[in-house]
Amino acid sequence: MLVFSTVDKIRLFLRMERESGRRIAFVPTMGALHEGHLSLIRRAISENDICVCSIFVNPIQFNEIEDFNKYPRPLEKDLNALKKEGCHAVFVPEVKEIYPENSKALIKIELGNISEVLEGKHRPGHFDGVVRVVKRLFDIVEPHCAYFGQKDYQQYLVICTMTEYFDLKIQIIMHPIIRAKDGLALSSRNVRLSSEERIIAPLLYHTLQKAAHDLSFQSAEEVKKNALIVLEKEKNLQCEYFEVVNAVNLQTIHGKIPKNRQVLLCAAIRLGTVRLIDNILITM
Ligand code: PAF
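Residues numbered from 1 in each chain as written. Predicted model: local features only at pLDDT ≥ 70, side-chain atom pairs only at ≥ 80, totals over all residues. Heavy atoms only, no water.

Engineer: I'd like a rundown of the overall build of the protein chain, residues and numbers included.
Structural biologist: From N to C terminus, the protein chain includes 12 helices and nine strands. The globule rule puts the C-alpha radius of gyration for 284 residues at 19 Å, and the 19 Å found for the protein chain is close to it. Projected onto the principal axes, the alpha-carbon positions of the protein chain cover approximately 55 × 40 × 40 Å. Burial status across the protein chain gives 54% buried among its 284 residues. Looking at the protein chain alone, contacts between residues at least 24 apart form 74% of all its contacts between residues at least 6 apart. Summed over its atoms, the accessible surface of the protein chain is roughly 13,900 Å², and 52% of this surface lies on carbon and sulfur atoms. (Helix = DSSP H or I, 4+ residues; strand = E, 2+ residues; numbered from the N terminus. Rg over C-alpha atoms; globule rule 2.2 N^0.38 Å. Buried < 20%, exposed > 50% of the residue type's maximum accessible area, 1.4 Å probe, protein only. Contact = heavy atoms within 4.5 Å. Areas by Shrake-Rupley, 256 points an atom, 1.4 Å probe, with all protein chains shown as cover.)

Engineer: Describe the packing of helix α2 (residues 35-47) against helix α4 (residues 75-85), naming the residues involved and giving the relevant values.
Structural biologist: Two packed helices can be described by the angle between their axes and the distance between those axes. At a minimum axis separation of 10 Å, α2 and α4 run at an interaxial angle of 35°. Relative to α4, the crossing made by α2 is right-handed. Residues L38, I41, R42 and I45 of α2 pack against A81, L82 and E85 of α4. Grouping the amino acids of the contact of α2 with α4 by side-chain chemistry returns five nonpolar, no polar and two charged. (Axes fitted to C-alpha atoms, helices over the stretch in contact; angles between N-to-C directions. Left-handed = near helix turned anticlockwise from the far one by under 90°. Nonpolar A, V, L, I, M, F, W, Y, C, P; charged D, E, K, R; others polar.)

Engineer: Requested: an account of the sheet that holds strand β7 (residues 238-246), with residues and values cited.
Structural biologist: The strand order across the open sheet formed by three strands is β7-β8-β9, and the pairing between neighbours is antiparallel. Whereas interior strands pair on both sides, the edge strands pair on one side only; in this sheet they are β7 and β9 (274-283). Sheet twist, expressed as the mean angle between neighbouring strand axes with direction ignored, is 10°. Two strands pair when backbone bridges link them, and β7 and strand β8 (residues 262-271) are joined in this way by eight bridges, in the antiparallel orientation. Among the inter-strand pairings, E243 is bridged to a residue of β8, identified as C266. Running over the sheet, helix α11 (residues 203-214) touches β7, β8 and β9 and is turned about 25° from β9. Along the sheet, helix α12 (residues 220-234) contacts β7 and β8; its crossing angle with β7, the most-contacted strand, is approximately 160°. (Pairing = 2+ DSSP bridges.)

Engineer: Go over the nonpolar core with me, naming the residues and quoting the values.
Structural biologist: Counting 47 residues, the largest nonpolar core has V52, F91, I98, V134, F138, I172 and L250 as the members making the most contacts within it. Broken down by element, the residue count for this core peaks at nine residues, all from helix α8 (residues 126-141). Setting aside residues up to four positions removed in sequence, I98 forms contacts with F56, F91, P93, V133, R136, L137 and I140. In this structure, A201, Y205, V223 and M284 belong to the second largest nonpolar core, which totals 30 residues. (Core = buried A, V, L, I, M, F, W, Y, C linked by side-chain atoms within 4.5 Å.)

Engineer: Go over the site of the ligand, please, and point to the residues and values.
Structural biologist: In the region of the ligand, the neighbouring residues are P28, T29, M30, N58, Q61, V133, F148 and Q155. Q61 has a polar side-chain atom sitting 2.6 Å from an oxygen atom of the ligand. Note that an oxygen atom of the ligand is positioned 2.7 Å from one of the side-chain N or O atoms of Q155. Relative to its unbound accessible surface of 290 Å², the ligand loses 89% to contact with the protein. Tallied by class, residues from the shell around the ligand come to four nonpolar, four polar and no charged. (Near = heavy atom within 4 Å. Polar contact = N/O pair within 3.5 Å; in protein donor to acceptor, adjacent residues only side chain to side chain.)

Engineer: With reference to specific residues and values, describe the environment of R189.
Structural biologist: Summarising the element assignment, R189 is placed in the loop between β6 (171-175) and α10 (195-200). Residue classification places R189 among the buried residues on the basis of a relative accessible area of 15%. Between the C-alpha atoms of R189 and L276, which are 87 residues apart in sequence, the distance is 7.9 Å. Among residues more than four places away in sequence, those in contact with R189 are F62, D67, Y71, R123, V274 and R275.

Engineer: Any details on unusual backbone geometry? Residues and values, ideally.
Structural biologist: One non-glycine residue with positive phi stands out, namely D167, at about 55°. Among the secondary structure elements, D167 is positioned in the loop between α9 (153-165) and β6. A positive phi angle, near 65°, is found at L250, a position not held by glycine. Along the polypeptide, L250 turns up in the loop between β7 and β8.

This is the structure:
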């Protein structure tokens, strides 16, 4: 496995691979890799000739300095895990490689509703930071396709929109959420949960599951109300949002949902200092 830390060196390597006709897959990450990331890597390897993974904790997509400072960075462990999976190349840049001081690459694109609701509303500026880093990484790696996890479904939609906006010839592929046995969606932040919080955490998924089930006979409003009663009143959790939205444009759904509609149930809660998000995608 090749490890690159500079833009010039990884570009040179990938140019040769591209010229040899190899199909390049890209899995951007912020490290602290878990089974969710590794399943993306496995799929990327199985569907392409070359798999490139990036590990870069992007400072400009964090809203809270504490979250950025506490973000786990087990680089050695990550590199060993990627090597074991058969990943071909890893890009581990310093901040100055991604954001050179003289960079004119300050992009800000109009993403509309999909970046303003849900995560966008609760984490102002977050998607501007994600778009900027992913565009920069895409320009460096120039992959044929890139893989993203469904846990960050809104991020996946934002990246699809950005790719269309710049007319990039990159196929954006979403991969299902990988869960622990008790249902908790895997996340790099889970390691920061205390043992008590870790026991409570799967309730987020269980509440989403019940809501998804109840949508077949209840309105979106009733389902949301019942979910909030469980999370906030019964379990005393701090729920940032619990929403039932159109999976294509993330607009809130009202009333009883018609057949064949693609629906996203999504929520964010805070457990101590950790913020957890999860979602379920269903077709009615
Ligand atoms: O999903 C993530 O880990 C990050 O948001 C990404 C896509 C690697 C950009 O920093």
